[in-house]
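What follows is the residue order along each chain.
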Amino acid sequence: MASIGPALENLFVFNQTGLNISLGLQVVTGTFNGVFTPYPVPTATLGGFQVSAPAPAPLIAQQYYWTVDPANPAGAKTCVWRVEVSDVAGVCSAQVFSGTYGGAVCTVDAVQSFIDPNTCQTQIVTNIL
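Overview of the structure. The structure presented is a predicted model; accordingly, all values stated were derived computationally and were not measured.

## Some words on unusual backbone geometry
Reasoning step 1: Here T37 and P38 are connected by a cis peptide whose omega angle stands at 0°.
Reasoning step 2: Relative to the elements of secondary structure, P38 occurs in the loop between strand 3 (31–35) and strand 4 (45–53).
Reasoning step 3: Of note, the bond from A57 into P58 is cis; its omega dihedral lies within 30 degrees of zero at -10°.
Reasoning step 4: Position of P58 relative to the elements: it lies in the loop between strand 4 and strand 5 (59–67).
Reasoning step 5: Phi is positive for A44, close to 60°, though the residue is something other than glycine.

## Brief notes about the nonpolar core
Reasoning step 1: If you look at the biggest cluster of nonpolar residues, it comprises 22 residues, and the most contacted ones within it are F49, Y64 and W66.
Reasoning step 2: For this core, the elements supplying multiple residues, two or more each, are strand 1 (7–15), strand 4, strand 5, strand 6 (78–88) and strand 10 (122–128).
Reasoning step 3: No other element matches strand 6, which puts four residues into this core.
Reasoning step 4: Once residues within four sequence positions are removed from consideration, Y64 is found in contact with L11, L23, G24, L25, Q26, F49, C79, V80, W81, V83 and T126.

## Some details on the sheet that holds strand 6
Reasoning step 1: One open sheet holds the four strands; their spatial order is 2-5-6-7, and the pairing between them is antiparallel. Whereas interior strands pair on both sides, the edge strands pair on one side only; in this sheet they are strand 2 (22–27) and strand 7 (91–101). Sheet twist, expressed as the mean angle between neighbouring strand axes with direction ignored, is 20°.
Reasoning step 2: Sheet analysis places strand 2 next to strand 5, joined by five bridges and oriented antiparallel. Bridging from a neighbouring strand, L25 pairs with Y64 of strand 5.

## A few points about the side chain of D109
Reasoning step 1: Position of D109 relative to the elements: it lies in the loop between strand 8 (106–108) and strand 9 (114–115).
Reasoning step 2: It is K77 that comes nearest to the buried, bridge-free D109 among opposite-charge side chains, at 18 Å.
Reasoning step 3: A distance of 2.8 Å separates the side chain of D109 from the side chain of Q112, its partner in a polar contact.
Reasoning step 4: Discounting residues that sit within four places of it in the chain, D109 has contacts with V125 and N127.

## Re the state of the cysteines
Reasoning step 1: Throughout the structure, instances matching the rule amount to two disulfides.
Reasoning step 2: Between the sulfur atoms of C92 and its disulfide partner C120 the distance amounts to 1.7 Å. Of note, the bridge from C92 to C120 carries an S-S torsion of about -80° and is left-handed in sense. Here C92 is found in strand 7, whereas its partner C120 is found in the loop between strand 9 and strand 10, with 28 residues between them in sequence. As far as burial versus exposure is concerned, C92 and C120 are alike and both buried.

Conventions adopted
Residues numbered from 1 in each chain as written. Predicted model: local features only at pLDDT ≥ 70, side-chain atom pairs only at ≥ 80, totals over all residues. Heavy atoms only, no water. Helix = DSSP H or I, 4+ residues; strand = E, 2+ residues; numbered from the N terminus. Core = buried A, V, L, I, M, F, W, Y, C linked by side-chain atoms within 4.5 Å. Buried < 20%, exposed > 50% of the residue type's maximum accessible area, 1.4 Å probe, protein only. Contact = heavy atoms within 4.5 Å. Pairing = 2+ DSSP bridges. Axes fitted to C-alpha atoms, helices over the stretch in contact; angles between N-to-C directions. Lys, Arg positive; Asp, Glu negative; His and termini not counted. Salt bridge = Lys/Arg side-chain N within 4 Å of Asp/Glu carboxyl O. Polar contact = N/O pair within 3.5 Å; in protein donor to acceptor, adjacent residues only side chain to side chain. Disulfide = S-S within 2.5 Å.

Without other data, these values stay purely geometric and don't point to any function.
Shown next as structure tokens:
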């Protein structure tokens, strides 16, 4: 069994807005490894970014948003996400919270999202419409 330690977090978004979307980082716990291409994320495209996160002790969080207007995210379609990864008695788990602006619809793709309970490696796939 692998030990809980630093793990990669891949945080994806599927853009269904009809416009390009951009990333805004609010809280990054660990090392930001950068965004995946293409960026900004065109409509009907999967994009995202990666963080090398430390071991949760007992909790680490990433808080970020995807928006159609990086100059005014609170006034445009924007999904704000908070991903919390925790270690409880040697088992990793994740919770995902969201908020919206500008009439955006924000969802999590539960089929493509996962967390490895042994290592805390995480993949979260979200949608913005």
